[in-house]
Amino acid sequence: MGHSVRSCVLGMRIGRQIGLPVEEQADLYYTLLLKDAGCSSNASRLFHILNADEIRAKRDVKTTDWTRVGWESLHYALTHVATGAPFLERVRRLFQVAATQQRDSCDLVKIRCERGSYIAKQLGFSESVAAGIHSLDEHWNGRGYPGGLRKTEIPIFARIVNLAQTLDVFLTARGPTDAIDAARRRSGRWFDPDLVHAAVSLADSGALWEGLEKQELLNEVAALEPEQRRLTATEDTIDNICVALAEVIDAKSPFTYRHSNGVAEAALEIARWFGMSPREMKLLRRAALLHDVGKLSVSNAILEKPGKLAADEWKVVRDHPYYTLEILKRTPGFETICEDAAAHHERLDGSGYWRGWDTDQLSFAARILAVADVFDALHAKRPYRDSLPLEKVFAMLREDAPRALDLPCVEALIAAKTNSEPAAFAQPEVVYSME
Ligand SMILES: [Fe+2]
Ligand SMILES: [Fe+2]
């Protein structure tokens with residue numbers, strides 16, 4: 001938690017230290033903040049290659065010098081490949097991973113880079129931001145991915161981001177001394193020596209790490225945006241950000257392809273039946289697009305597990321709406337939607353998660369989201385099954401209403417989907433509001 005924010009502060013400090021012009025600092029700023037925008041897109045692939053927790057593997061790959069064959073990379077493989085499997089199966093997977101490592105690493109980085117730079121462009125950022133994100137896993141000696149670019153062929157933003165993110169991972173895992181040691185050891189191989197030099201002199205004067213542990217770092221990072229190039233978010237830009245984030249969320253697993261958009265569509269259909277105001281619909285759509293942002297915290301080893309989840313895995317799944325709340329509540333403008341978004345798995349009878357809220361606590365928007373979420377989960381096509389027929393989905397929704405799901409919302413959705421009048425619930429008895 002906080003990795004991108006800390007990496008941004010570190011990278012901006014290094015950028016200033018090397019005298020990067022102010023106009024370029026603005027692009028560096030956004031490259032640092034958006035560096036991992038494509039990260040979710042290779043999570044599933046990485047999980048299938050390693051057959052183990054890909055979130056832990058991604059974190060540890062930065063503290064492991066995998067470009068050198070030796071104890072470090074062997075240790076990495078032993079602790080990250082098929083970790084839950086029996087011994088012989090692990091040995092088999094290890095050989096497989098070793099045989100295809102080069103190609104797989106390149107593919108994985110390529111998927112992430114392309115996706116990340118595509119998202120940056122979609123959000124309206126400059127070509128230099130997109131190029132910086134695209135090249136952030138290139139190494140100074142030409143042995144990085146995906147292009148094998150060397151030295152100054154690698155965009156300066158990418159060089160700074162790569163160093164900054166590695167410094168932060170080491171800082172968090174092992175402390176500042178190890179972080180600087182790692183940068184020094186990899187200088188001239190992974191990193192631009194001039195940048196390492198700049199980081200070392202900042203560290204020597206104490207300016208590199210200053211204040212990184214502060215709770216308010218997020219506010220401070222906002223102040224780092226160069227004033228001359230400050231971007232202002234309009235209502236439309238905020239909508240675009242939600243759409244882009246929905247893509248990031250849905251890319252995490254093939255099981256959730258288009259899920260966030262599907263939930264948004266269904267939620268709006270219900271809202272229209274109740275004559276919700278355009279402003280409320282706008283907020284509801286944003287809440288729907290972002291409701292599963294907390295899922296990025298769940299490993300694909302769990303999301304794509306074919307069998308029943310163990311108790312500790314289920315706990316991780318149950319926590320995803322909590323992370324939705326934690327992520328959204330920090331973002332100015334999303335305070336109004338964060339609670340509704342984080343309540344999408346709550347049920348009227350208190351049987352939902354993560355807080356076990358019930359009728360009294362669930363807003364109209366939260367009830368709509370719950371119905372829309374179940375509808376899309378059941379109706380969407382999944383890699384392992386075709387989409388369920390609508391009649392079956394409707395029957396399953398009705399089975400859960402009014403006990404767990406809001407009956408007027410269920411009937412409104414069915415009416416909207418079938419172009420018919422909702423039999424018993426043409427007018428809801430309760431007048432709901434978003435307050
Ligand atoms: Fe969810
Ligand atoms: Fe969902």
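Values in this document were obtained by computation on a predicted structure and should not be read as measured data. (Residues numbered from 1 in each chain as written. Chains lettered and ligands numbered in written order. Predicted model: local features only at pLDDT ≥ 70, side-chain atom pairs only at ≥ 80, totals over all residues. Heavy atoms only, no water.)

A. Summary view of helix H10 (residues 193–204). End to end, H10 covers 16 Å across 12 residues, agreeing with the expected 16 Å (1.5 Å per residue, within 8%). Of the positions making up H10, those classed as buried are Leu 195, Val 196, Ala 198, Ala 199, Val 200, Leu 202 and Ala 203. Buried residues in H10 make contact with helix H1 (3–17), helix H8 (156–174) and helix H9 (176–185). With a side-chain oxygen positioned 3.0 Å from the backbone nitrogen of Asp 194, the residue opening H10 is Asp 192. (Helix = DSSP H or I, 4+ residues; strand = E, 2+ residues; numbered from the N terminus. Expected span 1.5 Å × (residues − 1). Buried < 20%, exposed > 50% of the residue type's maximum accessible area, 1.4 Å probe, protein only. Contact = heavy atoms within 4.5 Å. Polar contact = N/O pair within 3.5 Å; in protein donor to acceptor, adjacent residues only side chain to side chain.)

B. Main features of the coordination of the iron ion (ligand 1). The iron ion (ligand 1) binds to the protein through Asp 292 (OD), His 320 (NE2), His 344 (NE2) and His 345 (NE2); the donor distances cover 2.2 Å. Coordination at the iron ion (ligand 1) is irregular: its four donor atoms span angles of 85 to 173° at the metal. Counting along the primary sequence, the residues that act as donors to the iron ion (ligand 1) give the motif D-x27-H-x23-H-H. In this structure the iron ion (ligand 2) is found 3.5 Å away from the iron ion (ligand 1), and Asp 292 serves as a bridging donor for the pair. Here Asp 292 is found in the loop between helix H14 (278–290) and helix H15 (300–303), whereas its partner His 344 is found in the loop between helix H18 (335–342) and helix H19 (364–379), with 52 residues between them in sequence. The class of His 344 is buried, set by a relative accessible area of 0%. (Donors = N, O, S within 2.8 Å, 3.2 Å for Na, K, Ca; no water. Tetrahedral: all angles 85-135°; square planar, octahedral: opposite > 155°, others 65-115°.)

C. Quick peek at the side chain of Ser 260. Along the polypeptide, Ser 260 turns up in helix H13 (residues 259–273). The contact partners of Ser 260, leaving out residues within four places of it in the chain, are Ala 246, Ile 249, Asp 250, Ala 288, Leu 289 and His 291.

D. Broad picture of the packing of helix H12 (residues 235–251) against H14. One can describe the packing of H12 onto H14 by two numbers: an axis separation of 8 Å at closest approach and a directional angle of 25°. Overall, the two elements H12 and H14 adopt an arrangement that is roughly parallel. H14 is crossed by H12, and the crossing has left-handed handedness. Contacts from Glu 235, Ile 238, Asp 239, Cys 242, Val 243, Leu 245, Ala 246 and Ile 249 in H12 reach Arg 279, Lys 282, Arg 285, Arg 286, Leu 289 and Leu 290 in H14. (Axes fitted to C-alpha atoms, helices over the stretch in contact; angles between N-to-C directions. Parallel < 35°, antiparallel > 145°, perpendicular 65-115°, else oblique. Left-handed = near helix turned anticlockwise from the far one by under 90°.)

E. Examining H12 more closely. Counted at 1.5 Å a residue, the expected span for H12 with its 17 residues is 24 Å, and the 25 Å between its end C-alpha atoms agrees. Within the sequence span of H12, burial applies to Ile 238, Asp 239, Cys 242, Ala 244, Ala 246, Val 248, Ile 249 and Asp 250.

F. Seen up close, the pattern of salt bridges. Counted under the stated rule, the structure contains 22 salt bridges. A salt bridge links Glu 235 to Arg 279; the shortest N-O distance between them is 3.2 Å. Residue Glu 235 is found in helix H12, and its partner Arg 279 is found in helix H14; the two are separated by 44 residues along the sequence. In this structure Glu 235 comes out as partly exposed when scored by relative accessible area, which is 36%. Judged by relative accessible area, which is 45%, Arg 279 ranks as partly exposed. A salt bridge links Glu 411 to Arg 398; its shortest N-O distance comes to 2.9 Å. Within this pair, whereas Glu 411 is found in helix H21 (residues 407–418), its partner Arg 398 is found in helix H20 (residues 390–399), the two being separated by 13 residues in sequence. Arg 398 gets classed as partly exposed once you look at its relative accessible area, which sits at 40%. (Salt bridge = Lys/Arg side-chain N within 4 Å of Asp/Glu carboxyl O.)

G. Highlighting the coordination of the iron ion (ligand 2). Within the first shell, the iron ion (ligand 2) binds the protein through His 259 (NE2), His 291 (NE2), Asp 292 (OD) and Asp 373 (OD), at distances of 2.2 to 2.3 Å. Coordination geometry of the iron ion (ligand 2): the four donor atoms subtend angles of 82 to 174° at the metal centre, consistent with an arrangement described as irregular.

H. Focus on the packing of aromatic side chains. The tally for this structure, following the rule as stated, stands at seven aromatic pairs. Between Tyr 30 and Phe 125 the ring centres are 4.6 Å apart and the planes differ by 35°, which places this aromatic pair in the tilted class. On the criterion of sequence distance, the pair formed by Tyr 30 in helix H2 (residues 22–34) and Phe 125 in the loop between helix H6 (87–122) and helix H7 (127–134) is long-range, its members being 95 residues apart. Residues Tyr 30 and Phe 125 agree in their burial class; the two are buried. (Phe/Tyr/Trp six-rings, centres within 6.5 Å; stacked < 30°, edge-to-face > 60°.)

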